[in-house]
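Working through the structure, step by step
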Amino acid sequence: MRIISAIKNNYGKYLAKGAGALALGIVAYDSHTLGKIHSSAYAKTQDAKACVNSYENNMYLSDPSITTSKAKNFLFNWQIQDNVRHFVNSAIGYFSGFGSMLVNSVVPLGLGLGAIFSKNKKVAGGFGIGLAVYGVVKFIKDVCGVGHPNYLNKKY
């Protein structure tokens, strides 16, 4: 009975905390997804750059030496088959994409954190209202497309 009365007295606070948790979940999901995309793209780009540099180094000799040529071929083959560089670049790309999405979603992230960690129910309710307003504006502008110029059907 005490739990039900506590929920009835603080339902706005719990709704705000639920909205904050939902906002943080959406931001985390988007950040993780963009991190995976950046991870793959960044690692492949860096691998391609390293292969080109290694190939260019392998193609030219400063003096006609068989030993130097064989050493360059060995180094080229080792660099082509190296997996450590791809692993490290994948991690760098993931954190780059993850961080960039956190920066892009700083408003819902801040409002969600404020709603979850505020102790006062009026403050938590204010953050919850802010999240609701942000969500409605985001839906109208980005999902429905109201207020954005339509570049595909642009009139001359």
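One structure accompanies this document, and this report is about it. (Residues numbered from 1 in each chain as written. Predicted model: local features only at pLDDT ≥ 70, side-chain atom pairs only at ≥ 80, totals over all residues. Heavy atoms only, no water.)

Concerning the packing of aromatic side chains
The line we're drawing: In summary, the pairing rule links any two rings of Phe, Tyr or Trp, Trp by its six-membered ring, whose centres are within 6.5 Å, and it sorts them by plane angle into stacked for under 30 degrees, edge-to-face for over 60 and tilted for everything else. Only protein chains enter the accessibility calculation, which uses a 1.4 Å probe; a residue is then buried when its area is under 20% of its type maximum, exposed when over 50%, and partly exposed in between. In this text, helices come from DSSP runs of H or I with a minimum length of four residues, and strands from runs of E with a minimum of two, each type numbered from the N-terminal end.
Counted by the stated rule, this structure contains 3 aromatic pairs. Ring centres of Y94 and F95 lie 5.5 Å apart, and the angle between their planes is 75 degrees; on these two criteria the pair is classed as edge-to-face. Y94 gets classed as partly exposed once you look at its relative accessible area, which sits at 21%. Both rings, one in Y94 and one in F98, keep their centres 5.9 Å apart while their planes meet at 25 degrees; by these two values the pair is stacked. One end of the pair, Y94, and the other, F98, are both in helix α4 (residues 84-104), 4 residues apart, so they sit about a helical turn from each other. For F98, a relative accessible area of 24% gives the class partly exposed. Through pairs of rings, three or more aromatic residues link up here, namely Y94, F95 and F98.

Some thoughts on the pattern of salt bridges
The criterion, for reference: Salt bridges are identified by distance alone: a Lys or Arg side-chain nitrogen within 4 Å of an Asp or Glu carboxyl oxygen.
This model, assessed by the stated rule, comprises 2 salt bridges. A salt bridge links D47 to R85, with the shortest nitrogen-to-oxygen separation between them at 3.4 Å. Of this pair, D47 sits in helix α2 (residues 11-59) while R85 sits in helix α4, placing them 38 residues apart in sequence. Between K138 and D142 there is a salt bridge, with the nearest N and O atoms lying 2.9 Å from each other. Note that K138 and D142 are positioned in helix α6 (residues 121-143) at a spacing of 4 residues, about one turn of the helix.

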